[in-house]
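Working through the structure, step by step
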Amino acid sequence: MDDSFEDLMPGEDDLLYEEELLRNPYVLKLWVRYLDARKDAPTKRRHLLYERATKALPGSYKLWVAYLRERTEVVRGLRVDHPAFEALCNCYERALVTMHKMPRIWLMYLGVLVEMKRLTRTRRNFDRALCSLPITQHERVWNLYLDFVRQPFIPTDTALRVYRRYLQLEPGHSEEYIEYLKARGYWNEAASKLSDLVNDESFQSLAGKTKHQLWLELCDIITKHPADVQSMPVDAILRGGIRKFTDEVGRLWTSLADYYIRRALFEKSRDVYEEGMTSVTTVRDFSTIFDAYMQFEESMLSAKMEQVADEMDDEEPEDEDEGVDFLIKDDGNDLDLRLARLEYHMERRPELVSSVMLRQNPHNVHEWHKRVKLFEGKPHRQIVTFTEAVKTVDIGQAVGKPHTLWIAFAKFYEGHNDLVNARVIFEKAVLVPYKGVEDLAAVWCEWAEMELRHNNFAPALALMRRATTKPNGARAKVDYSGPVQTRLFKCMKLWSFYCDLEESLGSLNSSREVYERILELRIATPQIFLNYAHMLWENKFFEDAFKVYEKGVAVFKYPHVKDIWQAYLTAFVGRFGGKKLERARDLFEQALEAAPVKECKPLFMQYAKLEEEFGLSRHALAIYDRAAGAVADTEKLEVYELYLHRAKEFFGIGKAREIFEQAIGSSLPDAAVKSLCMKYAQLERRLGEIDRARALLTHASQFADPVRDTEFWIQWNDFEVKHGNEDTFREMLRVKRSVSASYSQTNFNIVAGTPGGPPL
């Protein structure tokens, strides 16, 4: 004992420091130098120095921190029940007498206590630290406090109380609390807290979760742990989510059904599945619910099959009764019912998908047609579907053609030989205010065609008369603001069908009345004029047909009148030939006067043919001459060739030479002039006029590039070989060089004028 006491006493080397401390015991630097000088001293001696220093300077933060750190390192590695830990705690308590406002001292002390795993003592000291430190320093303490209560050996109730206190300071860390509750299995409180977060509009998730994600997390908790979550209205919460979050409707419906399944309320879960499938509006949500429903039914069926198999294995043979128990017993085996239910749901899928599509847009005509086809072979269901369709589809919002629903409805009755109801449907269909007159006309035409299919010709004609009758009060000018029924009498589609019916089933007079009525309404098309004239022509009313043609050409202009003129002229010439030549000439002149440049060539050719067959040759050539100057530039060469052919045929070579010279001197394209010159040169060569032919070739050479148009120069070369001499051949070569140089200069100028070309 004496030796250990001697070790603690100051030695000769310490006298200098001791004397200074006697004179100035409250100077921090003296104590620090003394401690630094004795770094290698025994632990107990250093502790004694620290005790003396802290006693002299109890308010020195620097001394206390150094002292406590050194003592903490000393106990590192020892058992927590070693007396050194208790001595360390006593040292911390002495330090906190004056250092209770220093968070570092508290954190070091609390860290030691956490390591010692003294629950009550540690908790109370955490509370002391929170009471001693200002609130701005609490965050540092709470981080260590929460790490402590999350340890496995801490009672959950204690941890929950600590977390609740922490959330009063930091309500934004509620998600951390919820995760702790989920980890410890406190599902009811986790769901309640999560519900508060969802309902708190001011809450901002530190984890970056949206309200939607929090809601789905809440749904997962309350549906997967129905036995634990008893304090919340699960059904109301999920239905509220279904109304609020429309993009996850399918998942929420399946969660609600899963909740009832976990509570063994199977019939209630089936009701939820059915309600979900009949309320969703997207195929994706429907598929989610339907697949979950089928999986549930299959699992129920499998479980029942296993139960029946187990019961059959455990069943013992019973003695045969003697007929006393004659009542039917229910053995609880409903496998057939479950199988039938599963098959029924699988068969219902197309119908349910159709219902989903119609909930998306009940005015989709195409989807209604598809729904009717689903009930093929079930007339009653088809009638109900048609009736629902025509009542639901709004004409203004319809996608597709609503009149096709009425027509298909009527054809359905017709297919079942119920013409009475088919007529009733058509009667209602013609009163519907469609968007366009064409839709209403299609209904009338289908009605008449149905009557025709059943050989009811008179009713079909009566329908057309009724449809084309001008309603009372209808204006002569079309009023597009009123219902389509007031504009139907001017629908050309309806009148065309009526004309066909009258021509097929009615008399000539009735057909003429229909056509005349069309002309009076001023809705006739060129085809109507052609059909009317053709009907009169077939019935030998030639002059009346010509009058119809006259009306047509007076009403329409080019290009619509083109077919009428062609038919009129062809019919007139075919009927009279040369008997009424002057009248025919007048008609052709009228047609040519009205025809544009691009459309006049056929008329000139037909006119010239008339003169060739029934008139004078010179008149025919005069017409060809007019045609050559009147037609488009691209057609002039063809006209001139025909003109030359007819001139040689009628008047010989002399007339042909005049026409050649006229054509070459006209404003024809260069290629056309070159072609005519070569033909003219061939003609002169055949006649022996070699010089004239050479002159023509020389004239045409200015239009023939030696590089591209080699054929021309080959022909001229052959011509000179056969008919020329050395001088004429040299002249040809000179002309060729001159033309080649001319084209080369032209090409150079074109290239120089383009961007990026060589400068001029």
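Everything numeric here is computed off the predicted structure, so don't read it as measured data. (Residues numbered from 1 in each chain as written. Predicted model: local features only at pLDDT ≥ 70, side-chain atom pairs only at ≥ 80, totals over all residues. Heavy atoms only, no water.)

Turning our attention to the overall build of the protein. Looking only at helices and strands, one finds 38 helices and zero strands in the protein. By residue count, 42% of the 760 residues in the protein fall in the buried class. Relative to all contacts within the protein whose residues are 6 or more apart in sequence, the contacts with residues 24 or more apart total 54%. If you sum the accessible surface of the protein, you get close to 42000 Å²; carbon and sulfur atoms cover 52% of it. (Helix = DSSP H or I, 4+ residues; strand = E, 2+ residues; numbered from the N terminus. Buried < 20%, exposed > 50% of the residue type's maximum accessible area, 1.4 Å probe, protein only. Contact = heavy atoms within 4.5 Å. Areas by Shrake-Rupley, 256 points an atom, 1.4 Å probe, with all protein chains shown as cover.)

The next subject is the nonpolar core. Ranked by internal contacts, the top residues of the largest apolar core, which has 98 residues, are Tyr92, Val141, Tyr145, Val149, Ile222 and Trp253. Residues contacting Val149, with those up to four places away along its chain left out, are Ile154, Ala159, Val162, Tyr163, Tyr180 and Arg184. With 94 residues, the next largest nonpolar core counts Ile395, Ile407, Leu521 and Trp565 among its residues. (Core = buried A, V, L, I, M, F, W, Y, C linked by side-chain atoms within 4.5 Å.)

As a packed pair, helix 5 (residues 61–75) and helix 6 (residues 83–99) sit with axes 10 Å apart at the nearest point and diverge in direction by 170°. On the basis of the axis angle, helix 5 is roughly antiparallel to helix 6. Like other packed secondary-structure pairs, helix 5 and helix 6 cross with a definite hand, here left-handed. Facing Tyr61, Trp64, Tyr67, Leu68, Arg71, Thr72 and Val75 of helix 5, the residues of helix 6 in contact are Ala84, Phe85, Ala87, Leu88, Cys91, Tyr92, Arg94, Ala95, Thr98 and Met99. Of the residues in the contact of helix 5 with helix 6, the class split is 13 nonpolar, two polar and two charged. (Axes fitted to C-alpha atoms, helices over the stretch in contact; angles between N-to-C directions. Parallel < 35°, antiparallel > 145°, perpendicular 65-115°, else oblique. Left-handed = near helix turned anticlockwise from the far one by under 90°. Nonpolar A, V, L, I, M, F, W, Y, C, P; charged D, E, K, R; others polar.)

Here the structure, examined in full by the defined rule, presents 23 salt bridges. A salt bridge links Arg348 to Glu274, with the nearest nitrogen and oxygen atoms 3.1 Å apart. With Arg348 in helix 18 (residues 335–360) and Glu274 in helix 16 (residues 266–277), this residue pair connects regions lying 74 residues apart in the sequence. The partly exposed category is assigned to Glu274, whose relative accessible area is 21%. (Salt bridge = Lys/Arg side-chain N within 4 Å of Asp/Glu carboxyl O.)

In this structure the tally under the stated criterion is zero disulfides. Free of any disulfide, Cys445 has its nearest cysteine sulfur in Cys491, 7.3 Å distant. (Disulfide = S-S within 2.5 Å.)

Okay, the side chain of Ser132 next. Relative to the elements of secondary structure, Ser132 occurs in helix 8 (residues 119–132). Setting aside residues up to four positions removed in sequence, Ser132 forms contacts with His100, Lys101 and Trp106.

Turning our attention to the packing of aromatic side chains. As enumerated under the stated definition, the model contains 19 aromatic pairs in all. With 6.1 Å between their ring centres and 35° between their planes, Tyr273 and Phe296 make a pair best called tilted. On the criterion of sequence distance, the pair formed by Tyr273 in helix 16 and Phe296 in helix 17 (residues 283–314) is long-range, its members being 23 residues apart. Here Tyr273 matches Phe296 in class, with each residue buried. (Phe/Tyr/Trp six-rings, centres within 6.5 Å; stacked < 30°, edge-to-face > 60°.)

So, on to the environment of Val399. For Val399, the position within the fold is in the loop between helix 20 (379–392) and helix 21 (403–415). Here the alpha-carbon distance between Val399 and Asn364, two residues 35 residues apart in the chain, equals 4.8 Å. Beyond its immediate chain neighbours, meaning those up to four positions away, Val399 contacts Asn361, His363, Asn364, Val365 and His366.

Right, let's get into a positive patch on the surface. The grouping of Lys540, Arg575, Lys579 and Lys580 at the surface amounts to a positive patch. Among the structural elements, Lys580 can be located in the loop between helix 29 (562–576) and helix 30 (581–594). (Patch = residues over 30% accessible without salt bridge, like charges linked within 9 Å, V, L, I, M, F, W, Y side chains within 5 Å. Lys, Arg positive; Asp, Glu negative; His and termini not counted. Charge placed at Lys NZ, Arg CZ, Asp CG, Glu CD.)

All right, on to the environment of Gln295 then. You can see Gln295 is positioned in helix 17. The exposed category is assigned to Gln295, whose relative accessible area is 56%. The sequence separation of Gln295 and Leu342 amounts to 47 residues, and the corresponding C-alpha distance is 9.9 Å.

With that out of the way, let us pick up helix 14 (residues 234–244). Within helix 14, the full set of buried residues consists of Val234, Ile237, Leu238, Gly240, Gly241 and Ile242. Turning to helix 14, the residues buried within the fold contact helix 13 (211–224) and helix 15 (249–262).

The residue His403 is located in helix 21 in this model. Filtering out sequence-adjacent residues up to four positions away, His403 remains in contact with Tyr434, Asp439, Ala442 and Val443.

Another point: the confidence of the model for the protein. Confidence in the prediction of the protein, expressed as mean pLDDT, is 75, and 75% of residues score 70 or more. The element-level mean pLDDT for the protein is lowest in helix 1 (residues 2–8), coming to 52, with helix 22 (residues 419–429) highest at 89. Below a pLDDT of 50 lies the segment residues 319–330, which in the model reaches zero contacts outside its immediate sequence neighbourhood of four places, other chains included. Confidence drops under pLDDT 50 across residues 748–760; counting only partners more than four residues distant or on other chains, this segment forms eight contacts. (pLDDT = per-residue confidence, 0-100.)

Time to look at helix 25 (residues 492–505). In this model, helix 25 (14 residues) spans 20 Å end to end at C-alpha, consistent with the 20 Å of a helix rising 1.5 Å per residue. When helix 25 is considered as a whole, its buried residues turn out to be Met492, Leu494, Trp495, Phe497, Tyr498, Cys499, Leu501 and Glu502. On its buried side, helix 25 packs onto helix 23 (437–453), helix 24 (457–468), helix 26 (508–521) and helix 27 (526–538). (Expected span 1.5 Å × (residues − 1).)

We now examine the packing of helix 16 against helix 18. Orientation of helix 16 relative to helix 18, taken along the N-to-C sense of each, is 30°, at an axis distance of 10 Å. It follows that helix 16 is roughly parallel to helix 18 by the angle criterion. Judged by residue contacts, Glu267, Arg270, Glu274 and Met277 of helix 16 engage Arg338, Arg341, His345, Arg348, Leu352, Val356 and Arg359 from helix 18.

The next thing to look at is unusual backbone geometry. The backbone phi angle of Lys117 is positive, close to 60°, even though this residue is not glycine. Take Lys117: it is sitting in the loop between helix 7 (103–116) and helix 8. The backbone of Asn455 sits at a positive phi, close to 60°, despite the residue not being glycine.

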